[in-house]
Protein chains: 2
Amino acid sequence: MSYMTELGARSLAAKPGLACAGTRQKNQALAAIAAALRTEMQAILNANAKDLENAEAAGMNKIMMDRLRLTEARIQGIASSVEELIALEDPVGLIESGSTRPNGLRIVKIRVPLGVVGIIFESRPNVVVDAACLCLKSGNVSLLRGGKEAIHSNTALMQVMRRAVESVGLPADIMQLVENTGRDIAQEMMRLNGYIDVLIPRGGAGLIQAVIQNSSLPVIETGTGNCHIYVDASADLDMAAAITNNAKVSRPSVCNAAESLLVHADVAEQFLPMVKNILDASHVVLYGCPRTCAILSDALPATEEDYAAEYLDFKMSVKVVDSLEEAIDHIAKYSTHHSDSIITRSLESAERFTQAVDSAAVYVNASTRFTDGGEFGLGAEIGISTQKLHARGPMGLKELTTIKYIIHGEGQIR
Amino acid sequence: MSYMTELGARSLAAKPGLACAGTRQKNQALAAIAAALRTEMQAILNANAKDLENAEAAGMNKIMMDRLRLTEARIQGIASSVEELIALEDPVGLIESGSTRPNGLRIVKIRVPLGVVGIIFESRPNVVVDAACLCLKSGNVSLLRGGKEAIHSNTALMQVMRRAVESVGLPADIMQLVENTGRDIAQEMMRLNGYIDVLIPRGGAGLIQAVIQNSSLPVIETGTGNCHIYVDASADLDMAAAITNNAKVSRPSVCNAAESLLVHADVAEQFLPMVKNILDASHVVLYGCPRTCAILSDALPATEEDYAAEYLDFKMSVKVVDSLEEAIDHIAKYSTHHSDSIITRSLESAERFTQAVDSAAVYVNASTRFTDGGEFGLGAEIGISTQKLHARGPMGLKELTTIKYIIHGEGQIR
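These figures come from a predicted structure and were not determined experimentally. (Residues numbered from 1 in each chain as written. Chains lettered and ligands numbered in written order. Predicted model: local features only at pLDDT ≥ 70, side-chain atom pairs only at ≥ 80, totals over all residues. Heavy atoms only, no water.)

Let's shift gears to the overall build of chain A. Assigned secondary structure in chain A consists of 15 helices and 16 strands. The C-alpha radius of gyration of chain A comes to 24 Å, within 12% of the 22 Å expected for a compact globule of 414 residues. The dimensions of chain A, computed from C-alpha atoms along their principal axes, are 70 × 70 × 35 Å. For chain A, the residues scored as buried account for 57% of the 414 residues in total. Surface summary for chain A: the accessible area is close to 15,700 Å², and the carbon and sulfur share equals 50%. (Helix = DSSP H or I, 4+ residues; strand = E, 2+ residues; numbered from the N terminus. Rg over C-alpha atoms; globule rule 2.2 N^0.38 Å. Buried < 20%, exposed > 50% of the residue type's maximum accessible area, 1.4 Å probe, protein only. Areas by Shrake-Rupley, 256 points an atom, 1.4 Å probe, with all protein chains shown as cover.)

For the rest of this paragraph, the subject is the interface of chain B and chain A. Contacts between the two partners involve 69 residues from chain B and, on the opposite side, 69 residues from chain A. Buried surface at the junction of chain B and chain A, both sides included, amounts to about 5,500 Å², of which 52% is carbon and sulfur. Taken together, the connections running from chain B to chain A amount to seven salt bridges. Its salt-bridge partner being Asp197 of chain A, residue Lys388 of chain B comes within 3.5 Å of it at the nearest N-O pair. The interface formed by chain B and chain A includes 39 residue pairs in polar contact (both at pLDDT 80 or more). Elements represented by at least two residues in the side of chain B that touches chain A include exactly strand E2 (106–113), helix H9 (205–214), helix H10 (237–249), helix H15 (347–356), strand E13 (361–366), strand E15 (393–395) and strand E16 (401–412) of chain B. Considering each element in turn, the side of chain B that touches chain A owes the most residues, eleven residues, to E16 of chain B. Note that strand E13 (residues 361–366) of chain A and E16 of chain B share five bridges and pair parallel. Bridged to Ala361 of chain A within E16 of chain B is Tyr405 of chain B. (Contact = heavy atoms within 4.5 Å. Buried area = accessible area lost by both parts, 1.4 Å probe. Salt bridge = Lys/Arg side-chain N within 4 Å of Asp/Glu carboxyl O. Polar contact = N/O pair within 3.5 Å; in protein donor to acceptor, adjacent residues only side chain to side chain. Pairing = 2+ DSSP bridges.)

Turning to the packing of aromatic side chains, a few remarks are in order. For any pair of aromatic rings, geometry is given as the distance between the ring centres together with the angle between the planes. Within this structure, the stated rule accounts for eight aromatic pairs over all chains. Note on Tyr287 of chain A and Tyr311 of chain A: the rings are 5.7 Å apart at their centroids and 25° apart in plane angle, and the pair reads as stacked. Of the two residues, Tyr287 of chain A sits in strand E9 (residues 285–288) while Tyr311 of chain A sits in the loop between helix H13 (304–308) and strand E11 (315–321), which places them 24 residues apart along the sequence. With 6.3 Å between their ring centres and 15° between their planes, Tyr230 of chain B and Phe353 of chain B make a pair best called stacked. Here the residue Tyr230 of chain B occupies a position in strand E7 (residues 227–231), and Phe353 of chain B occupies one in helix H15, the gap between them amounting to 123 residues. (Phe/Tyr/Trp six-rings, centres within 6.5 Å; stacked < 30°, edge-to-face > 60°.)

All right, on to the sheet that holds strand E4 (residues 141–145) of chain A then. Residues and elements named next belong to chain A. Read across the sheet, four strands follow the order E5-E4-E3-E6 without closing on themselves; strand pairing throughout is parallel. Where the open sheet ends on each side, the last strands, each with one partner, are strand E5 (175–177) and strand E6 (198–202). Direction aside, the axes of adjacent strands within the sheet are offset by 20° on average. One ladder, built from five bridges, connects strand E3 (residues 116–121) with E4; its direction is parallel. Its bridge partner being in E4, Gly118 is matched across the sheet by Leu143. Contacts from helix H9 (residues 205–214) reach E3 and E6 within the one sheet, and its direction differs from that of E6 by about 160°. (Axes fitted to C-alpha atoms, helices over the stretch in contact; angles between N-to-C directions.)

Turning next to the sheet that holds strand E12 (residues 339–343) of chain B. The strand order across the open sheet built from ten strands is E1(A)-E2(A)-E16(A)-E13(B)-E12(B)-E7(B)-E8(B)-E11(B)-E9(B)-E10(B), with neighbouring strands paired in mixed fashion. A strand with exactly one partner marks an edge of an open sheet, and here the two such strands are strand E1 (95–100) of chain A together with strand E10 (300–301) of chain B. As judged from the four bridges shared by strand E9 (residues 285–288) of chain B and strand E11 (residues 315–321) of chain B, these two strands associate in the parallel manner. When the sheet's bridge partners are listed, Val285 of chain B is paired in E11 of chain B with Lys315 of chain B.

With that out of the way, let us pick up the pattern of salt bridges. For the coordinates displayed, the defined rule picks out 43 salt bridges over all chains. Because the salt bridges share partners, they merge into one network encompassing Lys15 and Asp197 of chain A together with Asp358, Lys388 and Arg392 of chain B.

This paragraph deals with the relation of the copies chain B and chain A. Overlaying chain B with chain A gives an RMSD of 0.0 Å, the required rotation being 180° about an axis along which the chain moves by 0.0 Å. Such a combination of turn and shift is consistent with a two-fold rotation axis. The C-alpha atom lying nearest the rotation axis in chain B is that of His390 of chain B; the distance is 1.7 Å. A symmetric contact is evident, with 100% of the interface residues of chain B recurring at the interface of chain A. (Least-squares fit on C-alpha atoms with pLDDT ≥ 70 in both.)

Here we come to the packing of helix H10 (residues 237–249) of chain A against helix H11 (residues 265–279) of chain A. All names here are of chain A. The geometry of H10 relative to H11 is characterised by a closest axis approach of 9 Å and an angle of 45° between their N-to-C directions. As far as their axial angle goes, H11 and H10 are oblique. The handedness of the crossing between H10 and H11 comes out as right-handed. Across the interface between the two elements, Leu237, Asp238, Ala240, Ala241, Thr244, Asn245, Lys248 and Val249 from H10 touch Val267, Gln270, Phe271, Met274, Val275, Ile278 and Leu279 from H11. When its residues are assigned to classes, the contact of H10 with H11 shows ten nonpolar, three polar and two charged. (Parallel < 35°, antiparallel > 145°, perpendicular 65-115°, else oblique. Left-handed = near helix turned anticlockwise from the far one by under 90°. Nonpolar A, V, L, I, M, F, W, Y, C, P; charged D, E, K, R; others polar.)

Glancing now at the packing of helix H2 (residues 23–39) of chain A against helix H5 (residues 72–87) of chain A. Residues and elements named next belong to chain A. At a minimum axis distance of 9 Å, the contact between H2 and H5 shows a crossing angle of 170°. Taken together, the axes of H2 and H5 are roughly antiparallel relative to one another. Contacts from Asn27, Leu30, Ala31, Ile33, Ala34, Leu37 and Arg38 in H2 reach Ile75, Gln76, Ile78, Ala79, Ser80, Val82, Glu83, Leu85 and Ile86 in H5. Split by residue class, the contact of H2 with H5 holds eleven nonpolar, three polar and two charged.

The next point concerns the pairing of strand E7 (residues 227–231) of chain A. With five of five residues buried, E7 of chain A is to be regarded as a mostly interior element. For the crossover from E7 of chain A across H10 of chain A to strand E8 (residues 258–264) of chain A, the handedness is right-handed. (Right-handed = clockwise from strand over helix to strand, strands pointing away.)

Here we come to the nonpolar core. Counting 72 residues, the largest nonpolar core has Ile33, Leu37, Ile119, Val129, Leu136, Leu144 and Met175 of chain B as its most contacted members. Per element, the largest residue contribution to this core is nine residues, and it comes from helix H6 (residues 126–137) of chain B. Those residues in contact with Val129 of chain B that sit more than four places away from it in its chain are Leu37, Ile78, Val82, Leu157 and Met161 of chain B. Membership of the second largest hydrophobic core comes to 71 residues, among which are Leu30, Ile75, Val141 and Met189 of chain A. (Core = buried A, V, L, I, M, F, W, Y, C linked by side-chain atoms within 4.5 Å.)

It is worth spelling out the side chain of Asn140 of chain A at this point. You can see Asn140 of chain A is positioned in the loop between helix H6 (126–137) and E4. In this structure Asn140 of chain A comes out as buried when scored by relative accessible area, which is 0%.

This brings us to unusual backbone geometry. You will see that His390 of chain A, though not glycine, has its phi angle at about 75°, which is positive. Within the secondary structure, His390 of chain A is located in the loop between strand E14 (383–385) and strand E15 (393–395). Of note, His337 of chain B is a non-glycine position whose phi angle comes to about 65°, a positive value. Note that His337 of chain B resides in the loop between helix H14 (324–334) and E12.

Right, let's get into the environment of Arg414 of chain A. Checked against the element boundaries, Arg414 of chain A lands in the segment after strand E16 (401–412). For Arg414 of chain A, a relative accessible area of 35% gives the class partly exposed. Taking C-alpha positions, Arg414 of chain A is 9.6 Å from Asn103 of chain A, a pair spaced 311 residues apart along the chain. Looking at Arg414 of chain A, its side chain comes within polar contact range of the main-chain oxygen of Arg369 of chain B, at 2.7 Å. Only 3.3 Å separates the side chain of Arg414 of chain A from the side chain of Glu375 of chain B, close enough to count as a polar contact.

These figures come from the coordinates and say nothing about function on their own.
Structure, rendered in structure tokens:
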């Protein structure tokens, strides 16, 4: 039995125990994890120091180093996030619907955990806690594989959590870390059918594409966002400038940040200098179509790659369009189907845009930055789905479950 | 542009037109299709005759020939099935939920079509009509790839449908047949990301595994069923025998037929001869564990392969178990998570079984044969999902849709 198959078998063995655990026991485990993160803080910081030391020796840049760094305040924050899960509704056991059929069969559609959730991530060490605890609350066994740059931190966090889980009587194997960070192990994990029920990649576009291309497991695609703001001919231009600025600069590194600005030709000459004036305060570099460059002399010429880019930076592509339909076609061609927004005063334009744009979240007169589990009222999120199967948009606890039909009869045959 | 990419591009181009079509127009298209199937019956029968001729020349067996054969009565039946879709509720546009957030954003979660649905099938020619019409009613563009043995029939049926669709003002490309039945074309179809939103294989276990292993598209796994009947110590044995017989012999070739019988040791000596007596009328061959073979002298010894087999035939594996837990463990090991049933008078056993068995449909005192869209009240089904993402169990029109968030604001920024 290979290393990865053995981990899979241990996850599989832990599945029935967790599926049958009640909400109270799962909440006790969450409370124990939060407490342990605080009491064992020093051990976690020590492990993190090793990762930071290795990262520095390897010449990692400052931004990446900052992402990797754990501090007392950050661990306190992680522990508080775990505690916030306790108050959220447990989706397991919710009755979705039910009926009595003409033949007397009583059919109930009930929510149950997905089973074993595999997560491949490359982000900050907090992901190991977030993901494992979201899975725990939703009754799922988690099998997590992070990057090698955070291996000491991830291992320490997982040890703390597993001990806490055992302290309330649950099997430690309901959460496991894949400690071998080799590429071949990740490849094997992506094809572990029969052990892993669902695979969720969390990270950049490269990771997500690698998983989509190579996995034979059901995958939930998350997170890449080439989000658009379209300023219609009838837009309130002050509102449009404020929304564009917020969507671009409030947190450029996240998937719901806007990357492309489309402006109706009727208002381009008035609007483009207005929005540039605001974006200049954050030194946003604009990549424009020829008409944009004619209006904004210091915009750089946009290429096809710019229209398709998820910059995650203080950069934005800009295009002047002759009609709402041209904007819709541009979005259909370049959007990653995450979040797109129209700024308009026209009811007709708003209705056409929200119907025609095929994205997880379509906005009228608001910033794309609101596409988020917390902002949508889900309480917490495991990611934002940009695919159409199972879940679309922010995925909370309910999206980490599936359904099961339970049918009671008195001897019915067909 | 390759042949397959060109078909994909045509599907993609047809998507917006169909997504915006109202229920009335879609129903008109269904009525036109049903009418055209009847008026153009002779052309369809002529095309089918060519397939039958080729099949006979190739030495196809009688059962397969019968599956391939279309008759006037069968085409009438297909047309009637299309008409039945007209009365079903259109899932597109259903509001799933909605809320006004503290910041005033109004969020609505609305049902929308999946987009372009790819279907790879190997069954009877009626699948081309069923699948295309279920997709049409749910607003989805369909791209269908059948087997080469039915290519003339499938092509004729598709031509009739496309003309009918155009006659009510919808683009013909909302449904297309992949007329090149080469293996490499199927491989290319499985990796047509960017054109196809979801891929649904319909056919035997071999086809489904090939799609799971090779596709980079989101796949809905359907249909393989190694279904179990477990006869508990407290079962009503007459009921248990009647249910076992019904689940095994009423239609052995379908996925919800039972393949394995588990019997509690306390009742094995009494029950096994009873059920054998009934199954003998249908000449069912039993493959038993040593204890079964000791009780039923003409049962054949079961192998590991027998416990895992989806026979789709008048064959059944049989095992005597010492406890409910042993039955649950056996099902966990061998079930395809389709449908499993317990026959019991014990409330405790029923509750434990329905909680612990991780299948799409878990029955108490009823035949597994009821796992079916029609029997569950969905009206029609595109298949039965045995995976956990998106849909589980019978998939009707609603399971052919996804959701979209539409958010209205008045300039909200974050």
